[in-house]
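Examination of the molecular architecture
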Amino acid sequence: FNNKKKKNSSSKGDVTRPAAMTTKEFIYAQSLSKKPVKGMLTGPVTILNWSFPRKDITRQAQAYQLALALRDEVADLEKAGCRVIQVDEPALREGLPLKKERWASYLDWAVDAFKLATVVAAPATQIVTHLCYSEFADILAAIDGLDADVLTIENSRSGDEMVIALAKYGYARDLGAGVYDVHSPVVPTVEFMKGKVVGQVGTGILKGHPERLWVNPDCGLKTREWAQVLPSLENMVKASAEARAALGV
């Protein structure tokens, strides 16, 4: 992103996206596989909350500017052939105002910013979002309001707390609840991850549609070495197959 400077200003300006940021990497990655490769972007609210917002205009206005820039990136990824685009918003709850009476206003524009960035995608393009560890039970309506096709969450260390909360809420979109902790060097066993999948289904999430439960790690794998990543993923694939057999999916 660039900050396009306004007249008579040497330090700040509106957010712009003068050129595509990730399509080159996507095109190369997709050339290596016949399976769909996800486009990966950070959402507007998380960019805002993890940067240094201006003080002379509202956070809402800045979120919308970021969303418009990301919207162009989503469109360019689609043009490049991308059909699964993940827009992460791990800092969604982090940005809540200290005063609870201001939460609703923040969540309204935060959800709108996400949708502004992603609504350009065609109906056939799958939109995924990701949320990290936090007390997301406080904002389940906002999470639902993002209208992402798939929600992925960090879950392996919480005893399925978030999955249970989503089940009680009646969350009805596809869910990928992490089955192992990527922050640990331990390679999880097939039996352990199979148990996580079966346990998630047991919460009642997705109301008897276990085929809509995604099996994935808690988060990204950049902190791990190949000697940990490859056997962990191999075990995860085996665990998924065994869980399907056990659940009759």
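Parameters and conventions
- Throughout this document, residue positions are counted from 1 along each chain, in the order its sequence is written.
- This being a predicted model, a pLDDT of at least 70 is required before a residue's local features are given, and a value of 80 or more before pairs of side-chain atoms are given or counted; all residues contribute to the totals for chains, interfaces and linings.
- The side-chain values count all of the structure's non-hydrogen atoms but skip hydrogen atoms and water molecules.
- Cavities and pockets are defined on a 1 Å grid built over the protein atoms alone: a cavity is a set of grid points where a 1.4 Å probe fits but cannot escape, while a pocket is an open set with protein on both sides within 12 Å along at least five of seven lines, and lining residues are those with an atom within 4 Å of any such point.
- Grid points are joined across faces, edges and corners, and a volume is the space filled by probe spheres set on the points.
- Any residue that is not Ala, Val, Leu, Ile, Met, Phe, Trp, Tyr, Cys, Pro, Asp, Glu, Lys or Arg is counted as polar, Gly included; the first ten are nonpolar and the last four charged.
- Where helices and strands are cited, they refer to DSSP runs of H or I of at least four residues and of E of at least two residues respectively, numbered from the N terminus.
- At least two DSSP bridges between two strands are required for those strands to pair.
- Between two residues, a contact is recorded if the distance between any of their heavy atoms is within 4.5 Å.
- To get an axis, fit a line to the C-alpha atoms, keeping to the stretch in contact for a helix; angles then go from 0 to 180 degrees between the N-to-C directions.
- Take the residue count of a helix, subtract one, and multiply by 1.5 Å to get its expected span.
- When accessible area is computed with a 1.4 Å probe and restricted to protein chains, residues below 20% of their type maximum are described as buried, those above 50% as exposed, and intermediate ones as partly exposed.

Applying the stated criterion to the full structure yields one cavity of 30 Å³ or more. Counted as a void, the largest cavity has a volume near 40 Å³. Lining the largest cavity we find Tyr180, Val182, Ser184, Val186, Leu221, Arg224, Gln228, Val229 and Ser232. Looking at the lining of the largest cavity, its residues break down into five nonpolar, three polar and one charged.

This brings us to the layout of surface pockets. Left-over empty space is what a probe sized like a water molecule reveals as it rolls over the atoms. Roughly 1400 Å³ of internal volume is contained in the largest pocket. If you trace the largest pocket, you find 42 residues lining it, with Lys38, Gln86, Val215, Asn216 and Pro217 closest to the centre. The set of elements that each furnish at least two residues to the lining of the largest pocket consists of β3 (39-42), β4 (84-88), β5 (126-131), β6 (150-153), α7 (190-202), β8 (213-214) and α8 (226-247). Per element, the largest residue contribution to the lining of the largest pocket is five residues, and it comes from α8. Here the residues of the lining of the largest pocket are counted per class, giving 23 nonpolar, 11 polar and eight charged.

Before going further, it helps to spend a moment on the sheet that holds β4. Taken in spatial order, the six strands line up as β3-β4-β5-β6-β7-β8 in an open sheet, and their pairing is parallel. The sheet terminates laterally at β3 and β8, the two strands that pair on one side only. Here three bridges tie β4 to β5, and the two strands are oriented parallel to one another. Each bridged residue has a counterpart across the sheet, and for Val84 the counterpart in β5 is Gln126. On the sheet, helix α6 (residues 161-169) packs against β6 and β7 (174-177) and is oriented at approximately 150° with respect to β6.

Attention now moves to helix α4 (residues 103-118). An ideal rise of 1.5 Å per residue puts 22 Å on 16 residues; α4 measures up with 23 Å between its terminal C-alpha atoms. Those residues of α4 that fall on the buried side of the exposure criterion are Trp103, Tyr106, Leu107, Trp109, Ala110, Val111, Ala113, Phe114, Ala117 and Thr118. The inward-facing, buried residues of α4 abut α2 (44-49), α3 (59-79), β4, β5 and α5 (140-145).

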